[in-house]
Amino acid sequence: MAQKVVTVNINVYEQSTTNRHSAYDISYVNRYLEEGWTIKQTLHSPAVASNWINITFILEK
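Reading the values: the criteria
Residues numbered from 1 in each chain as written. Predicted model: local features only at pLDDT ≥ 70, side-chain atom pairs only at ≥ 80, totals over all residues. Heavy atoms only, no water. Helix = DSSP H or I, 4+ residues; strand = E, 2+ residues; numbered from the N terminus. Buried < 20%, exposed > 50% of the residue type's maximum accessible area, 1.4 Å probe, protein only. Areas by Shrake-Rupley, 256 points an atom, 1.4 Å probe, with all protein chains shown as cover. Pairing = 2+ DSSP bridges. Axes fitted to C-alpha atoms, helices over the stretch in contact; angles between N-to-C directions. Salt bridge = Lys/Arg side-chain N within 4 Å of Asp/Glu carboxyl O. Core = buried A, V, L, I, M, F, W, Y, C linked by side-chain atoms within 4.5 Å. Contact = heavy atoms within 4.5 Å.

## With respect to the overall build of the protein chain
Alright, step 1. Broken down by element type, the protein chain carries one helix and three strands.
Alright, step 2. In the protein chain, the succession of helices and strands from N to C terminus is β-α-β-β.
Alright, step 3. Counting every position in the protein chain, which comprises 61 residues, the buried fraction comes to 26%.
Alright, step 4. Of the accessible surface of the protein chain, which amounts to about 4,600 Å², a share of 53% is contributed by carbon and sulfur atoms.

Written out as structure tokens, the structure reads:
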């Protein structure tokens, strides 16, 4: 099986102060899913700045 690792950084305080909920469409991951890759594992870790989050997707095909 082949594996691919994709890391995404998201600004979690990008939305307005009155709306603290948001959803993100991660186009890079979506493209791989459309190509037949599946998500084997996700890893979450804080980035350098407190308002950013890092998500690593381990994909498998």
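## With respect to the sheet that holds strand E2 (residues 38-46)
Alright, step 1. Read from one edge of the open sheet, three strands run E1-E3-E2, paired in antiparallel fashion. Either end of the sheet is taken by a strand with one partner, and the two such strands are strand E1 (3-11) and E2. Here the strands of the sheet are splayed against their neighbours by 20 degrees on average, with no regard to which way each runs.
Alright, step 2. Relative to strand E3 (residues 52-60), E2 runs antiparallel, the two being bridged by eight bridges. Considered in E3, the bridge of Ser45 is made with Asn54.

## So, the pattern of salt bridges
Alright, step 1. By the definition in use, this model includes one salt bridge.
Alright, step 2. Residue Lys40 is joined to Glu60 by a salt bridge in which the shortest nitrogen-to-oxygen separation is 3.6 Å. Note that Lys40 is positioned in strand E2 and Glu60 in strand E3, a separation of 20 residues in sequence.
Alright, step 3. Owing to a relative accessible area of 18%, Glu60 belongs among the buried residues under this scheme.

## Notes on the nonpolar core
The nonpolar side chains of soluble globular proteins are, as a tendency, buried together.
Alright, step 1. Counting 10 residues, the largest nonpolar core consists of Val6, Val8, Ile10, Ile26, Val29, Tyr32, Trp37, Ile55, Phe57 and Leu59.
Alright, step 2. Listing elements by their share of this core, those giving two or more residues are E1, helix H1 (27-34) and E3.
Alright, step 3. Filtering out sequence-adjacent residues up to four positions away, Tyr32 remains in contact with Lys4, Val6, Trp37 and Leu59.

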